[in-house]
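# Fold and geometry: a report
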Amino acid sequence: MEIILHIGMGKTGTSSIQNALRQNRERLARQGVDYLGIWFDAADRRFLGYDGQAAFFRSTPEEMRTHAGRFLDTLKRRAEASGIDRFILSNEGTFAQGTQMRPFIEDLRKHATVRLIAYVRNPREWLPSAYMQWSIYHKTYPGPIRPYAAVAPQLVRSYAAIQVWGETFSDLLTLRPFRKDVNVVADFGAQLGLAIDIPEARILERTDAGESMLRALYNNRQRDSALPHLFNAAFQGLRFPKTPRIEDLLKDSFSYDGTEAAIAENRAPFDYIRETFGIDLLADEGSPPKTPAADALRDRLLEHVLQIVMQQADRIRALEQRVEEMKPATQPPGQA
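What comes next concerns the included structure. (Residues numbered from 1 in each chain as written. Predicted model: local features only at pLDDT ≥ 70, side-chain atom pairs only at ≥ 80, totals over all residues. Heavy atoms only, no water.)

## Regarding the pattern of salt bridges
As a reminder, the rule being used: Basic side-chain nitrogens of Lys or Arg form a salt bridge, by our definition, when they fall within 4 Å of a carboxyl oxygen of Asp or Glu. Starting at the N terminus, helices and strands are each numbered in turn, a helix being any DSSP run of H or I of at least four residues and a strand any DSSP run of E of at least two. Using a 1.4 Å probe on the protein chains alone, a residue whose accessible area is under 20% of its type maximum counts as buried, one over 50% counts as exposed, and one in between counts as partly exposed.
Within this structure, the stated rule accounts for 22 salt bridges. Note that arginine 78 is salt-bridged to aspartate 34, the shortest N-O span being 3.0 Å. On the criterion of sequence distance, the pair formed by arginine 78 in helix α4 (residues 61-82) and aspartate 34 in strand β2 (residues 34-37) is long-range, its members being 44 residues apart. Judged by relative accessible area, aspartate 34 falls into the buried class, the value being 14%. Here arginine 70 makes a salt bridge to aspartate 44, at a shortest N to O gap of 3.7 Å. Here the residue arginine 70 occupies a position in helix α4, and aspartate 44 occupies one in the loop between β2 and α3 (49-57), the gap between them amounting to 26 residues.

Given below as structure tokens:
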């Protein structure tokens, strides 16, 4: 039995890979591969979903070994039923959990061939993308949106996770560079010797600058962390005098001048990746996104606002009609 764990890192095409694996389930099965999805519910159904994943990662080392046994038992039953004994699980959340996952993987490898695969990206491109994802699109912390210059040094430390995986499971880990000019789905399939139909459209979790700015303005007002669905479900209650100025948000959150300083202060993981795996992520200059022009951004924001206003007008009118329909046919005089 072979178990392949795609462990991330986030913002390196993981959604595209997961989408391709999901769409290719039947073709993968014909090649002797079973795609398990992204959760560890094969070990226990309670590990399904984001809350379940959090519970899985909170497990003690002894509990992790128990989970590994149950995970293996489930896969063995699936293998006996289908004749397929090669399994793929893709979850970028495991990237930062190398130490926590150690007893789980150590027990898996006693009874199966285990392979780990991860992608790493030039930090000059990854940092702005990660900031947009986890500070703007999904604000993962309470309070106002923090400036990019304050968050980038924290985000860049994510690369240190590679050293944990590399030193713990050097014989299991395949590390690949993520590049814009290489289709990550095709590369993933080639590494595993699989033929995968490449989806026509890439899966992107980012939005255009105008929508991102709207999300920044909206999430900046949230006291707690803000999941994307909050913005999607409701855009109301704005207090326009308190709306942050676009110029201030551009300076704090859409200017990536702090990228080089953040990288320079945390070079050790990149040196380790270069010396151990021969991948020099800093060899290319890279090209962080340019700060959007304020005037062009205002124009795009206005277009978004017009769409929102028209949608809200339709929704309000529909609600008014429903209220009218719910009123009694006749009402006492003087009552409306």
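Read on for the rest.
## Here's the deal with the nonpolar core
Generally speaking, a soluble globular protein has its nonpolar side chains buried in company with each other. For clarity, the threshold we go by: Nonpolar core, defined: a set of buried Ala, Val, Leu, Ile, Met, Phe, Trp, Tyr and Cys residues in which side-chain atoms within 4.5 Å join the residues together. Note on definitions: a residue-residue contact is assigned when non-hydrogen atoms from the two residues lie within 4.5 Å.
Core analysis: the biggest nonpolar cluster contains 73 residues, and Phe71, Met101, Phe104, Ile105, Leu116 and Met213 have the highest contact counts within it. Leaving out residues up to four positions away in the same chain, phenylalanine 104 has contacts with Phe40, Phe56, Met64, His67, Ala68 and Phe71. With 17 residues, the next largest nonpolar core counts Ile17, Ala20, Ile88 and Tyr119 among its residues.

## Some remarks on the environment of threonine 113
Looking at the element boundaries, threonine 113 is found in strand β4 (residues 113-121). Residues threonine 113 and glutamate 2, spaced 111 residues apart in sequence, show a C-alpha to C-alpha distance of 4.5 Å. In this view, threonine 113 contacts Met1, Glu2 and Ile3; residues no more than four positions away in its chain are not counted.

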